Amino acid sequence: MSSSGDNSSSTAVPAWEMRFRAPRVSLPEWAEGAPERSLFVSNATGTYELYAWDRSSGEQRQVTDRANGTTDGMLSPDGESVWWFDDSDGDEFGVWMRQPFAGGEDVVAVVGLEASYPAGLALGADGTVVVGRSTDEEGSTVHVVRKGEGVPCELYRHRESAGVGDLSHDSSLLAVEHTEHGDAMHSSLRVLRVADGSVVAELDDTRGGTEELGLEALGFSPVDGDSRLLVGHQRRGRWEPMIWDPVTGVETELAVDLPGDVSADWYPDGRALIIGHSFEARGELWRYEIEGGVLERVQTPPGSVSGATARPDGSVEYLWSSAAEPPVVRSTGGGVVLDPPGAKAPRSVPVETVWVDGPGGRVHALVQRPEGHAAGNGGPLPTIFEVHGGPTWHDSDSFVAGPAAWVDHGFAVVRVNYRGSTGYGRAWTDALKHRVGLIELEDIAAVREWAVSSGLADPERIVLSGGSWGGYLTLLGLGVQPDAWALGLAAVPVADYVSAYEDEMEALKAMDRTLLGGTPEEVPERFAASSPLTYVDAVKAPVYISAGVNDPRCPIRQIDNYVDRLRERGAVHEVYRYDAGHGSLVVEERIKQVRLEIDFVRRHLG
């Protein structure tokens, strides 16, 4: 196998490692009452941590410093403090902490609330605090600390999954996203008065169970006294925004006639919206004038926009990348907003788009080939099918260091937006219910057939790989389609669906009940049909599994159950366990894991 990423001298750092090590930054969040104060995430120290940035002075300060990294944080509206979530070694179970923006001691942000899984946080300009929590014992709860009280008061409780939507600008109204109807894939909205917890209004698109339509709270108007709530809905077969006033009950449809999924956020004056448009694995931005319904394109390069925010001066800052070009934070006002110091990530190769006829409709796939291997040139290649997680997610034309590493090592990389993926309409996302895993594999198999028949992939050297849900589909695919795959690489996977359900966090239990139509006791045949453990004896290919020992999403016991069965059969397999949760925020750990996968493939693929 050739390796264009390792062609330099033995002392040089390979390009694929440089892509992981190169400093990156997230889209900066800014404080509403102090726009010059911002918060962002960076891997500058080798671990992803939170950083405070004073734009007026240019000073940047590392806020958190933990062995397993920190990415969940928020600025208070006045810019005086940074809130961050403190868990134990990546287990996602903990409490919110608070630190002064300028630096100082970390303190427990809300005294009186025990550790939990996070279910949203909202901070009011007047000091009101709303905390969403989830535990196995209590289900979902929402607590408020009102201005001047200091003691958390429970506003909401239910066994099904729920969380904080948003707090109105004057802190009088709270939007809660809930799934009391039992469908964890499609939330309803309830607006409460913060003063006493009374219900102001309900918005429910589940139609009493006859339709499965979701809602999400995108944010209250940023203007005092304005009770309008920006809402995402699926009433026309895709995600798109509307404006709902829970006080008056008025719903205002928006004339955003764009294909694909559409999201939105407010401009600071409340008169316009910044529209995020995702269509066929690429993203773009638009400005929408609420009065008059004028839609105007915000110019961004071709690729993906993974976040955008409108600043008080009317400019828009956004995080952009493409498969070939590393991410950068740009502004419509001109130039790069936040450019981390240090070596830049080497570019990779662009993606090409492929559409394949599948059993449930046309399947969209993204393909990357090593340089010098244009379509129809160079013969069949060893190929990695890199399967995305979620499942309600999608691969896009954006910069990802993992696939780029395989391209450097001479592989073609194919990424499939199977049924269950977002960005292709509600019906496509919801199609995987009850035959979970099996439906996605049908689409992946259709794209595999195209990859072989087109001359792209060597049928004897096709690797199935993925993390989280992609890791689950990898293990399931090795058992259900044993002759299709030469090797399997599964990171933090579901391996034994029943044991995973027993051990996972409560919110994921709710999702599994929705996907499979009940609990393992209620629908045992569906859990069995969708569990990789059911098919483990059919696995022929060597299997590599990596797992976080503190993972609350894909717990370690169910992976051990699967590995025990491989061992009993004498099947070729290797397991790497690391001390973190659902993935690692430590750069060197990520590099180590990719290096181990590359080594496994080299030894077993030939």
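As the structure is a computational prediction, the values presented were derived from the model and not from experiment. (Residues numbered from 1 in each chain as written. Predicted model: local features only at pLDDT ≥ 70, side-chain atom pairs only at ≥ 80, totals over all residues. Heavy atoms only, no water.)

A. Structural detail: the nonpolar core. Of all hydrophobic cores here, the largest spans 59 residues; its most connected members are Phe-385, Val-416, Ile-444, Tyr-497 and Tyr-562. For this core, the element with the highest residue contribution is helix α4 (residues 438-453), accounting for 7 residues. Core analysis: the next-biggest nonpolar cluster, separate from the first, contains 39 residues, Val-41, Tyr-48, Ile-591 and Leu-605 among them. (Core = buried A, V, L, I, M, F, W, Y, C linked by side-chain atoms within 4.5 Å. Buried < 20%, exposed > 50% of the residue type's maximum accessible area, 1.4 Å probe, protein only. Helix = DSSP H or I, 4+ residues; strand = E, 2+ residues; numbered from the N terminus.)

B. Quick peek at the pattern of salt bridges. For the structure on display, the rule yields 45 salt bridges. Of the charged contacts, one joins Glu-80 and Arg-37 as a salt bridge, the two residues approaching to 3.5 Å between their closest N and O atoms. Linking Glu-80 in the loop between β5 (73-75) and β6 (81-87) with Arg-37 in strand β2 (residues 34-42), this pair joins segments that are 43 residues apart in sequence. In this structure, Asp-537 engages Arg-565 in a salt bridge whose closest nitrogen and oxygen atoms are separated by 3.3 Å. One end of the pair, Asp-537, is in the loop between α8 (524-530) and β35 (543-548); the other, Arg-565, is in helix α9 (residues 556-569), and 28 residues separate them in sequence. One connected set of salt bridges, linked through shared partners, spans Glu-17, Arg-21, Glu-588 and Arg-595. (Salt bridge = Lys/Arg side-chain N within 4 Å of Asp/Glu carboxyl O.)

C. Quick peek at the packing of α4 against helix α5 (residues 469-480). Contact pair α4 / α5: the axes reach a minimum separation of 10 Å and the direction vectors enclose 75 degrees. The angle between α4 and α5 places the two elements in the roughly perpendicular class. Contacts between α4 and α5 pair Leu-438, Glu-440, Leu-441 and Ile-444 from the former with Trp-469, Leu-473, Leu-476, Gly-477 and Val-480 from the latter. Grouping the constituent residues of the contact of α4 with α5 by class yields 7 nonpolar, 1 polar and 1 charged. (Axes fitted to C-alpha atoms, helices over the stretch in contact; angles between N-to-C directions. Parallel < 35°, antiparallel > 145°, perpendicular 65-115°, else oblique. Contact = heavy atoms within 4.5 Å. Nonpolar A, V, L, I, M, F, W, Y, C, P; charged D, E, K, R; others polar.)

D. Inspection of the confidence of the model for the protein at higher detail. When pLDDT is averaged along the protein, the result is 94, and 97% of the positions lie at 70 or above. Low pLDDT, under 50, characterises residues 1-10; the stretch is placed with 21 contacts to residues that sit more than four places away or in other chains. (pLDDT = per-residue confidence, 0-100.)

E. Seen up close, the packing of aromatic side chains. As enumerated under the stated definition, the model contains 14 aromatic pairs in all. Plain terms: the ring middles of Tyr-501 and Phe-527 are 5.8 Å apart, the flat faces sit at 80 degrees to each other, and that makes the pair edge-to-face. Note that Tyr-501 is positioned in helix α6 (residues 497-503) and Phe-527 in helix α8, a separation of 26 residues in sequence. An aromatic cluster is built from Trp-469, Tyr-472, Tyr-497, Tyr-501 and Phe-527, whose rings are joined through pairwise contacts. (Phe/Tyr/Trp six-rings, centres within 6.5 Å; stacked < 30°, edge-to-face > 60°.)

F. Looking closely at the environment of Ala-12. Among the structural elements, Ala-12 can be located in the segment before α1 (15-21). Between the C-alpha atom of Ala-12 and that of Leu-203, which follows or precedes it by 191 residues, the distance is 58 Å.

G. Spotlight on unusual backbone geometry. With an omega of 5 degrees, the peptide bond between Gly-390 and Pro-391 qualifies as cis. Its place among the elements puts Pro-391 in the loop between β31 (381-387) and α2 (401-408). Despite not being glycine, Ser-171 has its phi angle at roughly 65 degrees, a positive value. Assignment of secondary structure puts Ser-171 in the loop between β13 (162-167) and β14 (173-178). A positive phi angle, near 35 degrees, is found at Val-492, a position not held by glycine. With respect to the helices and strands, the residue Val-492 is situated in the loop between β34 (487-491) and α6.

H. Expanded view of helix α10 (residues 587-605). For α10, spanning 19 residues, the distance from its first C-alpha to its last is 27 Å, which sits close to the expected 27 Å at 1.5 Å a residue. All of the buried residues along α10 are Val-587, Glu-589, Ile-591, Gln-593, Val-594, Glu-597, Ile-598, Phe-600, Val-601 and Leu-605. One or two positions beyond α10, positive phi appears at Gly-606, with a value near 85 degrees. (Expected span 1.5 Å × (residues − 1).)

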